[in-house]
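What follows is each chain in one-letter form.
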Amino acid sequence: MEVGVQRARGRRGAISVNEPLEFDGFEQALSRYIVGIDLGTTNCAVAFIDTQSLTPTSIENFPIEQWVDFGVSQRRELLPSFLYQPLTEESAAIKAANPTDEARIVGSLARDRGLQLPGRQVSSAKSWLCHDGVDRRSAILPWQNDEGVDRISPVDASAEVLAQIRRMWDRVHGSHPLAEQDIVLTLPASFDQVARQLTIEAAAAAGLKRILPIEEPQAAFYAWLARHADTWEQQVSAGQSILVCDIGGGTTDFTLIRVREAMDTSSDDGRQTETLHDKNRGKLSLHRVAVGQHLILGGDNIDLTLARLAEQKLTGGGSLPVRSWDALRQACRVAKETLLGTDPPPSTVMHLPGSGSRLIGGGRQVEVTQAEVRECVLDGFFPMCELSSRPDAQKVGFQEFGLPFAKDPAMTKHLAGFLWEHRWDGRDDDQRQRIDDLNAARPDWVLFNGGVMTSSQLRERIVSVIGHWFAGTSGQGNDWLPGVLDGERLDLAVARGAAYFGGVRRGTGVEIEAKLACSYYLQTSVDPPQAVCIVPGSAAPGEKFALRKREMELAIGQPVQFPILYSSTRLADRVGASIAIDIEHFAYLPPIRTVIETSGRRRQASLPVYVEVELSQIGTLQMYCHATDSDQRWKLEFDVRGSTQTDHVQPETQSHIAEILDEQTVQIARTVLAQVFSDAGDLRPSRLMQTLAEQLTLSKSAWPPQLLRSMWDALIELQEGRQQSPEHEARWLNLLGYALRPGYGLAADDWRVAQTWRGVYGKLSFASANSRNESLILWRRIAGGFTAGQQLTVYQQVAGPLRGVLDPVRRSKGGATLSPQELIELLRLVGSLELLPKSEKSQLGDWLIDLLSVKKWAAARGAALWTIGRLGSRLPVYGPLNCVVDCERVEVWLRKLCSVQLSDTQLALALMLCGRRVHDRYRDIRHEVREMVIARLESQSAPLHWIDLVRDGGQLASDEANQVLGEALPLGLTLRG
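These figures come from a predicted structure and were not determined experimentally.

Description of the confidence of the model for the protein chain
Chain-level pLDDT for the protein chain is 84 on average; 86% of the residues reach the 70-or-more range. In the model, residues 1–23 has pLDDT below 50 throughout and makes 78 contacts with residues more than four positions away in sequence or in other chains. Segment residues 275–281: pLDDT under 50, and eleven contacts once partners within four positions in sequence are set aside and those in other chains are kept.

Structure, rendered in structure tokens:
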């Protein structure tokens, strides 16, 4: 029997049937050149091996041509990872020199010009690739752009940097274009599945598809091996540990490599067997055994801290305007490199340029001393601490320019936790018997990598901290320090190591056995929280695992979810092992959510299956559900597109997701719904809600999410019954929205929303006012599950009549045709559309502020205030942060709200939402406006917690979240904030 094709696809999940495995183009045909590309946060570098040269294993650097001044280009070893959109006159100068150049400049000139005009510069695109608080495929950079500057997505920004490398390579090697060469592209070791996939997409967009990724710390160690090809086995010895400390511009990665005797290894379903053969005696092997958690922590954070220090000097404790802050942050990057470099001067002076050619305040400048920088950086980021020290999870970390930096910037504390947690990883039973915990955690060698580590002062601090932790341990004196491996130039090492690894793939050089160093799990139970290991930490790319002894029932024709977790600390778990979930050691990936349908099987059936998993060459999971009684299988995929937006609900709060609902309860609800909407039904629509509550012995507010979604399922099956009368349709629309609210949170809600959209939008059976109003309520209730395009479509449907009331010009001409109740519903609808363009939200907010003083529409003031709060909220309910309205506009609204003479309870809610502190300079209102808002809230006797949210920030309580949403959420669902 042929298996049917997929019939539904949600943004967050996808399934396809019997698809061939995808394979990257790397080594499909061996190219002449093996190219290593380091796509860095701050700088990029390229190295290559010419396999047809007289020395086919030698590694060469590839200088990248770039603009260094207008009309002046040079080939340099590093390509700064900055984009700059030139002014009109600047663009003309560039086009005159090279008419084929792109609209944006990439490289040195882009970096340097951004010091003067930061609003025209894109930086840290790599950090944005792993920021799950924004839609990384949306045009959001520069985060604060100057007027007339086009924005670009983090994916496209990364693609433009890679495209510059491709163009410059092709100029030099025209007969061997880069797109036809095997390319090893480096990624942070701790990049998650989504960020890895987005990087590969960026490379493909740049025309580079023959890609093999490698982790940056591993590439750095390969560079060391390349440099010590003949002597490395004399420098290290079996049983030793090597810490690769990689701190770059945007990320911090820690990696552990163990040195072992070379052994033959075999694997059986996740269990490894090792045998030492005589041929291997005296030989060594290298094993990457641990990778740290992802930390958005690096040189950017240091720049921000120095900028904060300089800002305090400039303002006496105040805050600079955003544009001035951007310029100061850029200047601090240069100051950091100067004062932490070799033979630093006692101090450096930074100048703050303004927009255009003007200087802020007539050319203000600020001096920062070497002593201040040392205190700020060494004590703040690399403090002397104990091995037992851990990062403070309660700290309020930097949120500058939207990036969610690590809360505690103390990198040595993060390092302490990493070494301790992984002290036994990769160690054999003999070592476990011979050494204690402290000796197990001690690294014998340190290899530094990353731009931050070019500072000898910072390297020395890390070495001394590690020495402090382990001095006096078994066999070591009190003055013990770890050895430091002398590697390549830190800014070139990763690219050179990547090229070397490409050679290793072809059989030359020394290979590091790099297992996954991260175990993956499929959640099987919520209460108690349990998961089964599907990929062990010892897995290597290309390995497959089948859980044949873990047979499961696969639901057919109904929404299903596959919650996936990973752990970088539980590396010894075997495939198939059932594990209790401890949230401290596990993290969730965006779950696979989908609907599986097959031909020849009735709806709501189930099928016995077992799970197969394969680890792809790019470090992503390929999962299959394999029928136990046939060769049929279904391929499950992570839908990276959906997960580049924000996850609406944190998985640990979704206690309802795996809830097993009593089938009898579901059947009761179905029976009652059929009594209204089936052909033989005899229950009046007006009696439906009361009858459901009576038959279920639960008030509607207590209906659990799974029951609500089963009601939605039944209503879709009975949708023809809404055509019986206008009353039937109004009740059907009302309950459909109530059962699906808020449009996200459960498995395949995106699919349900899509089904609802197709069945309802533009397809009302009756032209009654009730049907129209209930359709608006339906869209408001499930707006969180809409795509941006669907939200815009809904808005455009109601924009005409809404503008007739809101637009003062149209209103003065008698354009208003709405009743107050219709206006209220329209306002609550548009306030729920968080994905609307900021320009539309800004205009709506301006109009609503003016509408508050129009007596004719006084009945709608509460709805207007609630909508203003949602439009200007500093923290969206479900939308990405790039949809937040600019501070300057919201501050205007707040000043007017503080001055209006209203006592409506919704006024305080609007003030709280628009003034709420989120610890992000670009979203937080200014101090003086905040104080004004607090004073007005106090005069209104607003809840104390609302005042605290404005003054200090924090989380909403459940009842507050319901007020923000405008309706109570189903039990168990929570808002992001």
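Next comes the rest of the write-up.
Side note on the sheet that holds strand 30 (residues 587–588)
With antiparallel pairing, the five strands of this open sheet are ordered in space as 29-24-23-28-30. Of all strands in the sheet, those with a lone pairing partner are strand 29 (578–580) and strand 30, marking the two edges. Note that strand 23 (residues 519–526) and strand 24 (residues 529–535) share six bridges and pair antiparallel. Opposite V526, over in strand 24, you have P529 as the bridge partner.

Digging into the sheet that holds strand 17 (residues 284–291)
Whenever strands of a sheet pair, they do so through backbone hydrogen bonds, lying parallel or antiparallel. Pairing is mixed in the open sheet, where six strands are placed in the order 21-20-13-14-17-22. Both outer strands of the open sheet, strand 21 (483–484) and strand 22 (512–514), are each paired with one neighbouring strand and no more. Bridge count for strand 14 (residues 252–261) against strand 17 is seven bridges, and the pairing is antiparallel. Across the sheet, the residue bridging to R260 is S285, located in strand 17. Sheet strands in contact with helix 14 (residues 456–470) are strand 13 (241–247), strand 20 (445–449) and strand 21, and its direction is about 155° off that of strand 20.

Some thoughts on the pattern of salt bridges
Applying the stated criterion to the full structure yields 38 salt bridges. Here R442 ties to D444 by a salt bridge, and the two come within 3.7 Å at their closest N and O atoms. When its relative accessible area of 18% is taken as the criterion, D444 is described as buried. Where D749 meets R709, a salt bridge forms, and the shortest distance between an N and an O atom there is 2.9 Å. Of the two residues, D749 sits in helix 21 (residues 749–760) while R709 sits in helix 19 (residues 705–717), which places them 40 residues apart along the sequence. In this structure, a network of salt bridges that share partners links the residues E77, R489 and D491.

Cut-offs used in this document
Residues numbered from 1 in each chain as written. Predicted model: local features only at pLDDT ≥ 70, side-chain atom pairs only at ≥ 80, totals over all residues. Heavy atoms only, no water. pLDDT = per-residue confidence, 0-100. Contact = heavy atoms within 4.5 Å. Pairing = 2+ DSSP bridges. Helix = DSSP H or I, 4+ residues; strand = E, 2+ residues; numbered from the N terminus. Axes fitted to C-alpha atoms, helices over the stretch in contact; angles between N-to-C directions. Salt bridge = Lys/Arg side-chain N within 4 Å of Asp/Glu carboxyl O. Buried < 20%, exposed > 50% of the residue type's maximum accessible area, 1.4 Å probe, protein only.

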